[in-house]
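# What the coordinates show
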Amino acid sequence: MLSEEVKTVDVAAVDVSGMLQRVTELSFIETKHGKTRYILEGNLNSNHTLILIHGILPGCFTWNALSDSLIKQMNENKTLNEEHSIRILRYDLYGRGKSSNPKVDHNAELFVEQLKEVIDTLVFNNKTEDEETIKKGIRKQRISLCGFSMGGAIVNLFTFKFPDLVDDLVLFCPAGAKWNIPAITNIVKVPKLGDLLFGMASKMSSEEDRLEVNFYDLTISKEVIRRQIEDQKHENSSENDVSSLLNSFRHFPLRNCENEIKVNGKTGIRTLIAWALNDTTVPCDECFPVYYEAFKDNKEANFVIFNNTRHMFWAERLQDTTHLFLNFLSQNPELTANVQPQKEARTISGQTKQDKKKYKSFVNHPTYSNFMI
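Residues numbered from 1 in each chain as written. Predicted model: local features only at pLDDT ≥ 70, side-chain atom pairs only at ≥ 80, totals over all residues. Heavy atoms only, no water.

Below, the discussion takes up the overall build of the chain. A count of helices and strands for the chain gives 14 helices and 10 strands. In the chain, of all internal contacts separated by at least 6 residues, the share reaching a separation of at least 24 is 73%. Of the roughly 17,100 Å² of accessible surface on the chain, a fraction of 51% belongs to carbon and sulfur atoms. (Helix = DSSP H or I, 4+ residues; strand = E, 2+ residues; numbered from the N terminus. Contact = heavy atoms within 4.5 Å. Areas by Shrake-Rupley, 256 points an atom, 1.4 Å probe, with all protein chains shown as cover.)

Structure, rendered in structure tokens:
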């Protein structure tokens with residue numbers, strides 16, 4: 001339900017017509033394990049809601065640049081009429097941003113339940129639709145879910161449990177498949193010792209250092225990183241700390257959702273799977289093949305691999321991601337219309353041998369090479 005603590009700040013209209021706007025920056029709903037902070041923007045009267053679920057770190061502010069870009073493009077693109085306009089909903093996962101940090105295991109059930117409550121309250125307005133209506137696929141509300149990294153795993157788990165509530169599935173470098181992780185990551189899972197080591201590591205590196213690993217070419221990403229840091233300073237909540245991150249590392253199936261992935265791949269749901277070729281967080285070369293094998297027989301599945309990018313490709317190639325996203329959601333038959341492909345591997349000072357190896361293996365792959373942009 002809507003919280004009595006809801007605080008509303010300035011409502012910033014993006015479009016003078018009032019059709020595309022941002023409702024609030026500080027709004028909350030009461031959920032089972034505390035409060036959930038959300039931001040609602042775009043065409044507020046639309047029956048099509050796009051829900052953005054962020055990754056394991058900070059909160060929904062990480063979507064600021066992409067959300068702003070989507071709204072701007074919808075406002076400027078005359079072909080995206082009111083029928084194709086979208087209401088964008090994003091929220092802070094438990095333990096992140098300004099949402100509550102419940103003292104329970106931060107496992108799959110917790111985050112799937114939170115997303116269900118967000119949908120029930122903010123999409124259906126607590127008016128439970130007839131179950132038969134949902135099963136027949138004639139809901140009045142179209143729901144598109146987009147998950148990034150850990151958020152991608154949450155979206156997969158939610159879709160597995162509530163397939164009739166999802167019309168479009170968008171996965172950005174999603175976790176869930178198995179990949180090799182550094183030994184230190186397993187040590188972090190050990191109670192007390194993990195807290196100590198993680199705390200020491202956090203103090204030894206700056207926020208800029210931690211963000212830079214998500215970007216490929218730092219010479220063109222400095223402004224993006226600067227904005228992320230500024231947004232994070234604005235969002236910092238004393239209620240949430242590294243405990244929520246460690247809690248998720250220990251209890252959430254970041255690398256163990258392959259059964260749910262395989263089942264979702266057989267549902268025939270409209271799907272867009274986009275990955276960063278040079279991702280070192282959720283490695284493309286290890287994880288993309290798992291998703292491809294699961295979804296390859298789905299005629300409604302689309303695959304894209306962004307060249308010259310790391311984990312946060314959607315911030316690194318913002319305009320291309322915006323066009324791709326809106327093309328997919330508006331069901332444009334030309335998925336990559338207005339996207340500027342970068343077919344060649346761009347040489348940078350931080351380029352590693354692994355980067356070069358990945359590029360060669362993908363560009364020479366008979367199938368994966370067709371997805372590279």
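Moving on from the coordinates now.
Quick look at the environment of Q114 now. Locating Q114 in the fold gives a position in helix α2 (residues 108–122). What makes Q114 buried here is its relative accessible area of 0%. Separated by 20 residues in the primary sequence, Q114 and Y94 place their C-alpha atoms 8.0 Å from one another. Not counting chain neighbours up to four residues away, the residues in contact with Q114 comprise T36, Y91, D92, L93, Y94 and S99. In this structure the side chain of Q114 is engaged in a polar contact, spanning 3.1 Å, whose partner is the side chain of T36. In this structure the side chain of Q114 is engaged in a polar contact, spanning 3.3 Å, whose partner is the backbone nitrogen of Y94. (Buried < 20%, exposed > 50% of the residue type's maximum accessible area, 1.4 Å probe, protein only. Polar contact = N/O pair within 3.5 Å; in protein donor to acceptor, adjacent residues only side chain to side chain.)

A few words on helix α14 (residues 353–363). Along α14, the positions that sit buried rather than exposed are D355, K358, Y359 and F362. On an axial view of α14, the arc spanned by its buried residues comes to 100°, and they lie on one face. Set apart from the buried face of α14 by more than 90 degrees, the exposed residues are K353, K357 and K360. Summarising the contacts, the buried residues of α14 are in contact with α11 (284–295) and β10 (301–306). (Arc of directions from axis to C-beta.)

What follows covers the nonpolar core. Counting 97 residues, the largest nonpolar core has I51, F172, F288 and F325 as its most contacted members. Top element by residues in this core is α2. It accounts for 8 residues. If near-sequence neighbours (up to four positions away) are discounted, F172 is found in contact with W63, L66, C146, G147, F148, S149, A274, F313, W314, T321 and F325. (Core = buried A, V, L, I, M, F, W, Y, C linked by side-chain atoms within 4.5 Å.)

Quick look at the pattern of salt bridges now. Under the criterion given, the structure shown has 17 salt bridges. R270 is paired through a salt bridge with D168; the nearest N and O atoms lie 2.6 Å apart. Of this pair, R270 sits in strand β9 (residues 270–276) while D168 sits in strand β8 (residues 168–172), and the two are 102 residues apart along the sequence. Pair check on accessibility: R270 and D168 agree, each one buried. In this structure, a network of salt bridges that share partners links the residues R142, D168, R270 and E300. (Salt bridge = Lys/Arg side-chain N within 4 Å of Asp/Glu carboxyl O.)

Another aspect to go through is the packing of aromatic side chains. One pass over the structure, following the stated rule, counts 21 aromatic pairs. Centroid distance F111 to F252: 5.9 Å. Interplanar angle 75°. Geometry classified as edge-to-face. With F111 in helix α2 and F252 in the loop between α9 (242–251) and α10 (258–265), this residue pair connects regions lying 141 residues apart in the sequence. Comparing F111 with F252 shows no difference in burial state: the two are buried. Taken together through their ring pairs, the aromatic side chains of W275, F288, Y291, Y292, F303, F362, Y368 and F371 make up a single cluster. Between K116 and the ring centre of F162, over which it is positioned, the NZ or CZ distance is 5.4 Å. Taking the ring centre of F328 as reference, the NZ or CZ of R270 above it sits at 4.1 Å. (Phe/Tyr/Trp six-rings, centres within 6.5 Å; stacked < 30°, edge-to-face > 60°. Lys NZ or Arg CZ within 6 Å of the ring centre and 35° of its normal.)

Interpreting fine coordinate detail is not advised for predicted regions of low pLDDT. For the chain, the average pLDDT comes to 86, and 83% of its residues sit at 70 or higher. The low-confidence segment residues 3–19, where pLDDT is below 50, has 38 contacts with residues more than four positions distant or belonging to other chains. (pLDDT = per-residue confidence, 0-100.)

What follows is about unusual backbone geometry. Glycine aside, residues mostly have negative phi, and peptide bonds are mostly found in the trans state. Look at S149: it is not a glycine, yet its phi comes out positive at around 60°. Within the element layout of this structure, S149 appears in the loop between β7 (142–148) and α4 (150–161). One non-glycine residue, C173, adopts positive backbone phi at about 40°. Structurally, C173 is set in the loop between β8 and α5 (183–188). Under the relative-accessibility criterion, C173 is labelled buried at 0%.

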